[in-house]
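The chain contents come next:
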Amino acid sequence: MPDELDLLRRANPVPAHGPYFGDGPTDHCAERRLESLPYEDAGRRARTRAPRARLLWGLAATAVVLATTLTALLGGTSAPPAVAAPRPLAVRAHSAAVPLHQLAELAAVAAADGSPGLRKGTHVQSWSLGMSEDKPPVTLPEERVVRWNPDDSHTELLVATDPRCPGRPVLTDEGDEPRLVADGHVLSRTTYPPSWSDAPPDARPPHTPAALRVYLTESAHTGGDALSTPELIDGVHELLNHWTLGSRESAALVRLLAQERGLRPVGQVTDRLGRPGQAYVYDAPGARRMLILDPRTGAVLGSEAIFTRDVPRFGVRAGDVMEYSAWMR
């Protein structure tokens, strides 16, 4: 087993740019690195016994839950530890759980003047889980910005960054093996030619609940069958990864969500970008889905999915975050 002092050096709880011999408490990232030390050596030994393999991607808990997000330390003696995965969002104790129909009424008032307006394109920060049968799961934080041009061409910028720990190295799956890159490392910058598709999700989304349900159903390619609640949540993801909704579209979406069974209010949360929100949860077999909505306008701020049971094959435990997305204007 490596010398304990060597493990502490690699944890580096006090960064090089910080004050020397600081008397204050360690920061959030340092605490996570120190807490993970007992598991680092065991994980390294397990990796040396197992064959190398590319990350496996796909559905993990159920067919309706996107398998993506959680953590593990990667890196040998020459690499600093990877940033730890996010913990599940915690609902504020004793906070009021606002029913969706009540939030829909607030959103309708906020949308009365029609501003802000709908915009094609998206800006999203995500934490996604990469899994392998012979390595611990790893969290891959990314920021994606899509902007459309007047000629209907668009650009997509993908950057490795984690706003929870600015300036820290970020883990990415660029290449055959996960590796650490500098914060802000550009993973890709792509320009796409003009596209004039009139089918969802490229088509302009409507701003009435009934029309929006038809739109999301067409986007999901269900053959006209009614969307289940998990399918509707997936449809919201797809919509927000193409469009930045205006106030009227957000109000229609909240009204649509209020019609769903099983999506229950649980109280107030602070999302991973520090924004206050109301949380609404749907429990599926093996997983829990959460939508975080702006308490004033009903705009979707974020979405989280966590495992509710162990998946030993991939080293996943109940309570691990599978996927998180935070949308911005």
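Anything mentioned here points back to the structure above.
So, how was this worked out
Residues numbered from 1 in each chain as written. Predicted model: local features only at pLDDT ≥ 70, side-chain atom pairs only at ≥ 80, totals over all residues. Heavy atoms only, no water. Phe/Tyr/Trp six-rings, centres within 6.5 Å; stacked < 30°, edge-to-face > 60°. Lys NZ or Arg CZ within 6 Å of the ring centre and 35° of its normal. Helix = DSSP H or I, 4+ residues; strand = E, 2+ residues; numbered from the N terminus. Buried < 20%, exposed > 50% of the residue type's maximum accessible area, 1.4 Å probe, protein only. Contact = heavy atoms within 4.5 Å. Pairing = 2+ DSSP bridges.

Undergrad: Mind showing me how you'd approach the packing of aromatic side chains here?
TA: Within a pair of aromatic rings, the relevant descriptors are the distance that separates the centres and the angle that separates the planes. A complete count under the given rule lists one aromatic pair for this structure. The cationic tip of arginine 272 hangs over the ring face of tyrosine 324; the distance from NZ or CZ to the ring centre is 4.3 Å.

Undergrad: Teacher, can you tell me more about unusual backbone geometry here?
TA: Glycine aside, negative phi is the norm for most residues, and most peptide bonds take the trans geometry. Cis geometry is found at the peptide bond from serine 115 to proline 116, where omega equals 0°. With respect to the helices and strands, the residue proline 116 is situated in the loop between helix H3 (100–110) and strand S1 (119–130). Between proline 200 and the following residue, proline 201, the backbone shows a cis peptide bond with an omega angle of 5°. Secondary-structure assignment places proline 201 in the loop between strand S6 (185–192) and helix H4 (209–220). The backbone phi angle of histidine 94 is positive, close to 65°, even though this residue is not glycine. Tracing the backbone through its elements, the reader meets histidine 94 in the loop between helix H2 (28–49) and H3. A relative accessible area of 85% means that histidine 94 is categorised as exposed. Positive phi, close to 70°, is recorded for aspartate 152, a residue that is not glycine. Assignment of secondary structure puts aspartate 152 in the loop between strand S2 (138–148) and strand S3 (154–160). Classification of aspartate 152 by relative accessible area gives partly exposed; the value is 27%.

Undergrad: Where do I start with the environment of arginine 213 in this structure?
TA: For arginine 213, the location among the structural elements is in helix H4. The contact partners of arginine 213, leaving out residues within four places of it in the chain, are Leu256, Gln259 and Glu260.

Undergrad: What am I meant to see in the pairing of strand S10 (residues 287–293) here?
TA: With six of seven residues buried, S10 is to be regarded as a mostly interior element. Pairing between strand S9 (residues 276–284) and S10: seven bridges, direction antiparallel. Across the sheet, the residue bridging to aspartate 283 is arginine 288, located in S10. Taken together, S9 and the strand that follows it, S10, pair antiparallel across an intervening segment of two residues, in which glycine 286 is found at a positive phi of about 85°. Judged from the seven bridges that link them, S10 and strand S11 (residues 300–307) form a sheet pairing that is antiparallel. Its bridge partner being in S11, alanine 287 is matched across the sheet by phenylalanine 307. Between S10 and the antiparallel strand that follows it, S11, lie six residues; glycine 298 among them carries a positive phi value of about 80°.

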